[in-house]
Amino acid sequence: MSTEDRPSAPRSLAEALRGRDDVSLGALLRSRPDLITPVPTDLTQLATRAGTRASVVRALERLDRFTLQTAEALAVAADPATGDELLGLMAGDDADPAVAQALPHALGVLREQALVWGGDDRLRLVRTARELLAPSPQHPSPTGLGPTVQEATAGMSPGRIQEIVTAAGLPSTHDSVSAVTSLTELFTDRRRMAALLAKAPADSLDVLERLVWGPPYGQVTADPAPRLRWLLDRGLLLPTAPGTVVLPREVALHLRRGLAHRTPEPVPPAVEAAAVHRPQVVDSTAAGQAYTALATIEELLKDWDEGGPAVLRAGGLSVRDLKRTAVALDVPEPVAAFWVELAYAAGLIAPDGEADERYAATPAYDEWRERPAAERWSHLVTAWLPATRTPGLVGGRDAKDRTLSALGPGLDRSAAPEVRHRVLALLAGLPEGTAPAAESVLARLRWERPLRGAQQEDDLRSRLAQWALSEAELLGVTGRGALSAHGRALLGAPAAPAKSPEAEPSGPGDKLPVHHRPTHVPTLSAAEQAVASAAAARLLTPLLPEPLDHVLLQADLTAVAPGPLQRPLADMLGVLADVESKGGATVYRFTPGSVRRALDAGQSASDLHAFLAAHSRTPVPQPLTYLIDDVARRHGHLRVGAASAYVRCDDDAVLGEILADKRAAGLGLRRLAPTVLAAQTDPAGLLEGLRAMGFAPAAESAEGDVLITRAHAHRTPPRTAPEPVPEGPPVPDDTLLAAALRAIRAGDLASTTPRKPGTAPAVNGVLPRTGSAETLATMQAAVLTGEALWIGYVNAEGAASQRVIAPIRVEGGFVTAYDHTADEVRTYPLHRITGVAELADDAG
């Protein structure tokens, strides 16, 4: 039997907590982890902390709609309220059976979270919650109810109150208190109120009908109309300020047939099916998206390989750089922002830390590229699930009206991981292959966390859910809107529920309700998530295409890759040719510029011929052979070095041709020798200018050797991925929870253990100081008698605490005792014991 059900009801929240067992207290600390930071010294301090405004607001924000409606009903009920009174407010006179069935669970949640205490006959909402939820002119209640008759008539003249009582057909009284009581009894008596309202004019009833569901306040003139005068005379409307009247709470409840809320919502809205697909189709579609995600990340990092966009002074990417990235990836800008942020969250890109700071790949990117495809996907989604950075906010405005940029500050939203996990959990509760209707998912989330979006329709939580659905599809966690098998494994979710007969579609895209609550999907620890991610990778592996070791060369200077290519082949082909189109097959095009790029990277013409012959399933076309030979013949014929810059060539006729070309005017060339030209531009600009003129120059070192430019040169120093920003204190693990419970119980035992009569009382919970001689004598006597003592103790860090000990021996300035508060034998220096007192004989 719980404390609330015992004959001696608790007189405070602290007493109610004191009657709980460790399981119940542990549930409280898990649901409200802010109460354990830092660990309270005793249960009284825990109760005080549980009633603070910040903690109560946080707890109310995490209630579902029906549980919050229950708390709101208690806020407008009497204090304390009975269980029957609460049931009447929630279920109304018609006693809705669904409400009656759900109410005990909602009340249990409120009790577990220490928002309600007391037995069923004396239910008390904690004072702070009542202040937050009770109606007032400044803060209207979601119930739409106004003040009680007693509250509304406070300050009204006794004569006016007597006039209202008389007009309502009640006998006059000798004082205002009894008059207000008499009026309240009339308004709460269903039969008498029905008789009173039966006499009301029809237009007066219309006025009440407009106010009954709130807001309960209305405006009146100095000379009210007859329909208003009839109501004012009988107290059915009461003045609250000049020109303002209010509908008393008791009158509204009668008109509502006892309901505190217009529409109680005891049952969460069902997540409806938008379409149902074969599970194999979902998995294969999701696998295709997963492969596209890997290819997109690689393309992004390849584009930034030699140093990406510059870091803005305030941090992040500029709008122009984000647009350029979106064009390079051939995706819309919001999607480009998502891929950039995902690579950042996975630790694959970071600022390089140079004076002219730019974004670049990290060393972790090279390690990531060498892993199997399924493991690379697992790495990305494992970084995505707990990430608090929210790409969907890019392009919006912060509180200071500054534009939010990709990779910049201000994108963290601590609610994102919880919403993301909850959305996927709802999908996991649907039958295999079922894609939900997005609006039904949003409606379910609004029911589960109603306060988050109370102020605006398009609230952040709904937007986070919409982004979670689209991002899951981009990553291949879902396919065609339905959760895939590897997505389910990633969550550690149980097997999908079987399809119910009513969920069988009659055709593609049929919208059918799914009438069941989703399977519970637990939040995984880091170790459990690693196991789940590995399981997801194993399921994904057979669905991904095997990398190929060949391409198909064609006579139009293109190569077709009919699938993903093995890493060495893909890297080399990416240097030797340009990607022309993507899709089920990738088309590469060979150009003079791409061949020159391969030669600049240190390849020779013979190397390129051998490479193509080894990896083509078709003969190497003659035009491609000619292209390579022609570019190689001219490659390096001109040499560019640093003077500021110079050009040298063994053929002075070629240099003469360059000087005669009008396009060379901007390079500032002049002949120093028959085979050498000097330039007024830098080597890089000179190389670019000559290549634009159709030449194939090669850069050379100070020693005269050809410089080989290799890809994948620029990397940041080792960087760690950004840490998610937690939403409040983390939920305590079992070890921390057990230690905290022991400490709270210990402190409570010390603070509540009765002392012997005549013992000096504690002041502010600290034992009064006793002299060293008295402390020693009391300790020695307790060793002989075996009695327990109450002591004050200050540790080496200066933290004071109270303890109940049974001394075993006293020697050398130390006392060894069994510490009842810690449940173990400990040794304490006597000079750190501030005071000592004997306990009452029945202390236990």
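Quick notes on the rules
Residues numbered from 1 in each chain as written. Predicted model: local features only at pLDDT ≥ 70, side-chain atom pairs only at ≥ 80, totals over all residues. Heavy atoms only, no water. Helix = DSSP H or I, 4+ residues; strand = E, 2+ residues; numbered from the N terminus. Buried < 20%, exposed > 50% of the residue type's maximum accessible area, 1.4 Å probe, protein only. Contact = heavy atoms within 4.5 Å. Areas by Shrake-Rupley, 256 points an atom, 1.4 Å probe, with all protein chains shown as cover. Phe/Tyr/Trp six-rings, centres within 6.5 Å; stacked < 30°, edge-to-face > 60°. Lys NZ or Arg CZ within 6 Å of the ring centre and 35° of its normal. Core = buried A, V, L, I, M, F, W, Y, C linked by side-chain atoms within 4.5 Å. Expected span 1.5 Å × (residues − 1). Bend = angle between axes of the 7 residues up to and from the residue. Polar contact = N/O pair within 3.5 Å; in protein donor to acceptor, adjacent residues only side chain to side chain. Pairing = 2+ DSSP bridges. Axes fitted to C-alpha atoms, helices over the stretch in contact; angles between N-to-C directions. Salt bridge = Lys/Arg side-chain N within 4 Å of Asp/Glu carboxyl O. Arc of directions from axis to C-beta. Parallel < 35°, antiparallel > 145°, perpendicular 65-115°, else oblique. Left-handed = near helix turned anticlockwise from the far one by under 90°.

S.K.: Give a detailed account of the overall build of the chain, specifying residues and quantitative values.
M.R.: Helix and strand counts for the chain stand at 33 helices and 25 strands. Residues counted as buried form 47% of the 844 residues belonging to the chain. Long-range pairs, those at least 24 residues apart, make up 67% of the contacts in the chain with a sequence separation of at least 6. When the accessible surface of the chain is split by element, carbon and sulfur atoms take 54% of a total near 40300 Å².

S.K.: Run through the packing of aromatic side chains, naming residues and quoting values.
M.R.: Applying the stated criterion across every chain yields a total of four aromatic pairs. Positioned above the aromatic ring of Trp-368 is the side chain of Arg-376, whose terminal nitrogen or guanidinium carbon lies 5.6 Å from the ring centre.

S.K.: Which residues make up the nonpolar core, and what values go with them?
M.R.: Among the nonpolar cores identified, the biggest contains 88 residues, and Leu-17, Phe-187, Leu-236 and Leu-237 are the most heavily contacted of them. Setting aside its immediate chain neighbours within four residues, Leu-17 contacts Leu-25, Leu-28, Leu-43, Leu-46, Ala-47 and Ala-114.

S.K.: So, unusual backbone geometry: which residues are in play, and what are the values?
M.R.: The amide bond that connects Thr-37 to the next residue, Pro-38, takes the cis arrangement and shows omega of -10°. Along the chain, Pro-38 turns up in the loop between helix H2 (22-31) and helix H3 (43-50). Cis rather than trans, the peptide bond between Asp-79 and Pro-80 has omega equal to 5°. Within the secondary structure, Pro-80 is located in the loop between helix H5 (65-76) and helix H6 (83-91). The backbone of Ala-114 shows a phi angle near 60°, a positive value even though the residue is not glycine. Along the chain, Ala-114 turns up in the loop between helix H7 (97-112) and strand E1 (116-117). Of the residues examined, Ala-114 reaches a relative accessible area of 0% and is grouped as buried. Phi angles above zero are rare outside glycine, and Arg-480 is one such case at about 55°. Summarising the element assignment, Arg-480 is placed in the loop between strand E10 (478-479) and strand E11 (482-483).

S.K.: Quick one: what's the story with H7, residue by residue and with numbers?
M.R.: With 16 residues, H7 ought to run about 22 Å at 1.5 Å a step, and its terminal C-alpha atoms sit 24 Å apart, in line with that. Of all the bends in H7, the greatest, near 35°, is centred on Leu-103, and the proline Pro-104 appears no more than four residues after it. Where H7 begins, one side-chain oxygen reaches toward the backbone nitrogen of Ala-98, 3.0 Å away; that side chain belongs to Asp-96.

S.K.: Tell me what's going on with the sheet that holds strand E3 (residues 217-219), and back it up with residues and numbers.
M.R.: Read from one edge of the open sheet, three strands run E3-E5-E4, paired in antiparallel fashion. Lying at the two open borders of the sheet, with one neighbouring strand each, are E3 and strand E4 (238-241). Averaged over all pairs of adjacent strands, the angle between their axes in this sheet comes to 40°, without regard to strand direction. Pairing of E4 with strand E5 (residues 244-246), which is carried by three bridges, proceeds in the antiparallel orientation.

S.K.: Break down the environment of Leu-557 for me, with residues and values.
M.R.: Residue position: Leu-557 is located in the loop between strand E12 (552-554) and strand E13 (558-561). Each C-alpha atom of the pair Leu-557 and Ala-577 lies 9.5 Å from the other, and the pair is 20 residues apart in sequence.

S.K.: Now, about the pattern of salt bridges: what can you tell me, with residues and values included?
M.R.: The final tally for this structure, using the stated rule, is 32 salt bridges. For Asp-356, the salt bridge goes to Arg-358, with nearest N and O atoms at 3.9 Å. Of the residues examined, Asp-356 reaches a relative accessible area of 52% and is grouped as exposed. Arg-358 gets classed as partly exposed once you look at its relative accessible area, which sits at 31%.

S.K.: Talk me through helix H28 (residues 605-615); I want residue IDs and the actual numbers.
M.R.: When we look at burial in H28, the residues that qualify are Ala-605, Leu-608, Phe-611 and Leu-612. Buried residues of H28, viewed axially, fall in a sector of 125°; they line one side. Opposite the buried face of H28, by more than 90 degrees, sit the exposed residues Ala-613 and Ala-614. Where H28 is buried, its residues meet E12, helix H26 (567-576), helix H27 (592-600) and helix H29 (622-634).

S.K.: An account of the pairing of strand E23 (residues 814-819) is requested, with residue identities and associated values reported.
M.R.: Note: strand E22 (residues 800-811) against E23, six bridges, orientation antiparallel. Pairing of Glu-811 across the sheet is with Phe-814, part of E23. Taken together, E22 and the strand that follows it, E23, pair antiparallel across an intervening segment of two residues, in which Gly-812 is found at a positive phi of about 60°.

S.K.: How would you sum up the environment of Ala-16? Please name residues and give values.
M.R.: Within the secondary structure, Ala-16 sits in helix H1 (residues 13-18). Spatially, the C-alpha atom of Ala-16 lies 9.6 Å from that of Gly-119, the residues being 103 residues apart in sequence.

S.K.: Report on the side chain of Glu-448, specifying residues and quantitative values.
M.R.: Secondary-structure assignment places Glu-448 in helix H22 (residues 438-448). Using a relative accessible area of 10% as the deciding quantity, one classes Glu-448 as buried. In terms of polar contacts, Glu-448 uses its side chain to reach the side chain of Arg-422, at 2.7 Å.

S.K.: Please give an account of the packing of helix H21 (residues 416-428) against helix H23 (residues 460-475) that cites residues and values.
M.R.: Two numbers describe how H21 lies on H23: the axes approach to 9 Å, and their chain directions differ by 60°. When the interaxial angle is binned, H21 and H23 end up oblique. In the packing of H21 onto H23, the handedness of the crossing is right-handed. Taken together, the residues of H23 that come into contact with H21 (itself represented by Ala-416, Glu-418, Val-419, Arg-420, Val-423, Leu-424 and Leu-427) are Arg-461, Leu-464, Ala-465, Ala-468, Leu-469, Glu-471 and Ala-472.

Read these as layout, nothing more, since geometry by itself doesn't imply function.
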